[in-house]
Amino acid sequence: SRGTGKTSAAKIMARAVNCEHPDNGNPCGECESCQRLKREESLDVMEIDAASNNGVEEIRDLRETVKYPPQHGQYKVYIIDEVHMLSASAFNALLKTLEEPPAHVIFILATTEPQRLPATILSRCQRFDFGRIPAQQIVGRLRQVVDGASATASDQALHLIARAAEGGMRDALSILDMCLGYGSDVTEELVRSVLGTADRAFLFHFADALRDQDASTLMGLIDELMRGGREPIVFAKDVSQHLRALLMAKCCPDDLASLLDLTPEDAEEYIGQAESLSPTRLMNMLELFMAVETDLRWASSPRLALENAALKACLRTEDTDAAALNDRIAELEKQVADLTDKLKGGAFVSAAPAAAPATPRQPEKRPAPPKPVPLTPTGRSPQDAWKEAMNLLKRSEAGTFALLSNNGRFVGCEDACYRWEANPGMEVFVT
């Protein structure tokens, strides 16, 4: 994960292996070697950016310098940051040195994409995975920074920064630094303004409109959002996070506070809103807004793409795809289950009607066979004969055909006489 301290840990390790008086493996920070490394005056620790030095020539120069012993400390430490950016030929040039490194050399490779490293490199390394930092730890560290800067910050603001950082301490400190640039009092409104996100009340109102299929309110909220200068892609991400929280509240309400790092009051609010939504519909809406996040990156009109996704999530009863049908079936099943529970609970209990006295069973009467349709002299049924006559008139006498079709109807046939009856008010056409 990015921003979790990989390069910082590499520098601390470089200082520890060269410390003259280590304390249980930790650098003392007071010896000459630690002070020199703190001032970045030591030539025994070299940090290489593989993103800008990814060619084979740079690795060849490195192979020449590793031969020389350290000047002051015990080890020479090479920290190669973003090592996955090295080219294939550069990896091949580095492989020989990693196979048989000098005794006084330590290589530390840092990367956010270890899967891009060749297996021959990974097999010669000790691997340490840095996970995302929990939000509570980030909040604690941010509180220390705020107190050290003689500033103030609310707990809600720090929790918002921690959630926005997504487990990266560096991102959290960067966001806090931007907020402190506006003043010494960091509030939740200030953090949302810096991040460009919508507040919780706005998101709950938006989710209520989705639930109630209130397209007018949705369009008004999006218009308010755009007039406030918010970014559609940021708002789409916020809605996705809110829908995810509602889905978690629906599936595992007991563990919601710990899973999402929420207060018990916030968790109850999510659980209350999720009660009237089915898991199927929540998943469908979440898929829509996750997809629109990608579409908004390339859309010529981001607002149009956001409104389209919101209307699809809102007016899902007008859809005819399988997802919408499954959604409606799930809601009907829920309504039937609720009604069944009410019936079992006695909400709609009524006295059972008295049993009717048994009556002797009567023998079943078979229906009489249908009478044959009388045929006309042409050998066809009256309806078929009339249709054939009308088809002939349609080709030869279009006016007569229109008159008979629009102003009356065929009512039957007697022998060779076909009867046509005019509509009420059209008796003027009868001759």
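What you are looking at is a predicted structure, and each value in this text was computed from that prediction instead of being measured.

1. Things to note about the nonpolar core
General note: in soluble globular proteins, nonpolar side chains tend to be found buried as a group.
Inference 1: Counting 40 residues, the largest nonpolar core has Phe206, Phe235 and Phe289 as the members making the most contacts within it.
Inference 2: Put simply, the parts of the chain that give this core at least two residues each are α10 (200-212), α11 (215-227), α12 (232-251), α13 (256-260), α14 (264-274), α15 (279-298) and α16 (302-314).
Inference 3: Setting aside residues no more than four positions away along its own chain, Phe289 makes contact with Phe206, Leu210, Ala236, Val239, Ser240, Leu243, Leu306, Ala310 and Ala313.
Inference 4: Counting 22 residues, the second largest nonpolar core, distinct from the first, contains Leu142, Ile175, Val186 and Val191.

2. Considering helix α18 (residues 382-396)
For the α-helix, the turn length of 3.6 residues means that residues three or four positions removed from each other point alike.
Inference 1: The terminal C-alpha atoms of α18, which comprises 15 residues, lie 21 Å apart, in line with the 21 Å expected from a rise of 1.5 Å per residue.
Inference 2: Residues Pro382, Ala385, Trp386 and Met390 constitute the buried set of α18. Down the axis, α18 shows its buried residues gathered within 135° of arc, on one side only. Residues of α18 that are exposed and angled more than 90 degrees away from the buried face: Lys387, Lys394 and Arg395.

3. Regarding the packing of α10 against α16
The relative placement of two packed helices comes down to the angle between their axes together with the axis-to-axis distance.
Inference 1: For the pair α10 and α16, interaxial distance at closest approach is 7 Å and the crossing angle is 50°. When the axes of α10 and α16 are compared, the pair comes out oblique. Between α10, through Phe206, Ala209 and Leu210, and α16, the contact on the second element is made entirely by Ala310, Ala313 and Cys314.
Inference 2: Here the contact of α10 with α16 is built from residues that sort into six nonpolar, no polar and no charged.

4. Structural notes on the sheet that holds strand β3 (residues 105-110)
Inference 1: Pairing is parallel in the open sheet, where three strands are placed in the order β1-β2-β3. Since the sheet does not close on itself, it has two edges, and those belong to β1 (45-49) and β3, each with one partner. On average, each strand axis in the sheet is inclined to that of its neighbour by 15°, with strand direction left out of account.
Inference 2: Direction of pairing for strand β2 (residues 76-81) relative to β3: parallel, over a ladder of six bridges. Bridge pairing in β3 places Tyr78 opposite Phe107.
Inference 3: Together, β1, β2 and β3 form the strand contacts of helix α3 (residues 56-65), whose direction differs from that of β2 by roughly 165°.

5. A short note on the pattern of salt bridges
Inference 1: One pass over the structure, following the stated rule, counts 19 salt bridges.
Inference 2: The partner of Glu64 in a salt bridge is Lys67, and the shortest N-O contact between them spans 3.5 Å.
Inference 3: Among the salt bridges present, the one from Arg303 reaches Glu307, with a minimum N-O distance of 2.9 Å. A residue pair is termed a helical-turn pair when its members lie 3 or 4 positions apart in one helix, as Arg303 and Glu307 do in helix α16 at four residues.
Inference 4: Its relative accessible area of 30% is what places Arg303 among the partly exposed residues.
Inference 5: If you follow the salt bridges from partner to partner, you end up with Asp223, Arg227, Arg303 and Glu307 in one network.

Parameters and conventions
Residues numbered from 1 in each chain as written. Predicted model: local features only at pLDDT ≥ 70, side-chain atom pairs only at ≥ 80, totals over all residues. Heavy atoms only, no water. Core = buried A, V, L, I, M, F, W, Y, C linked by side-chain atoms within 4.5 Å. Buried < 20%, exposed > 50% of the residue type's maximum accessible area, 1.4 Å probe, protein only. Helix = DSSP H or I, 4+ residues; strand = E, 2+ residues; numbered from the N terminus. Contact = heavy atoms within 4.5 Å. Expected span 1.5 Å × (residues − 1). Arc of directions from axis to C-beta. Axes fitted to C-alpha atoms, helices over the stretch in contact; angles between N-to-C directions. Parallel < 35°, antiparallel > 145°, perpendicular 65-115°, else oblique. Nonpolar A, V, L, I, M, F, W, Y, C, P; charged D, E, K, R; others polar. Pairing = 2+ DSSP bridges. Salt bridge = Lys/Arg side-chain N within 4 Å of Asp/Glu carboxyl O.

Everything listed here is a matter of geometry and, on its own, says nothing about what the molecule does.
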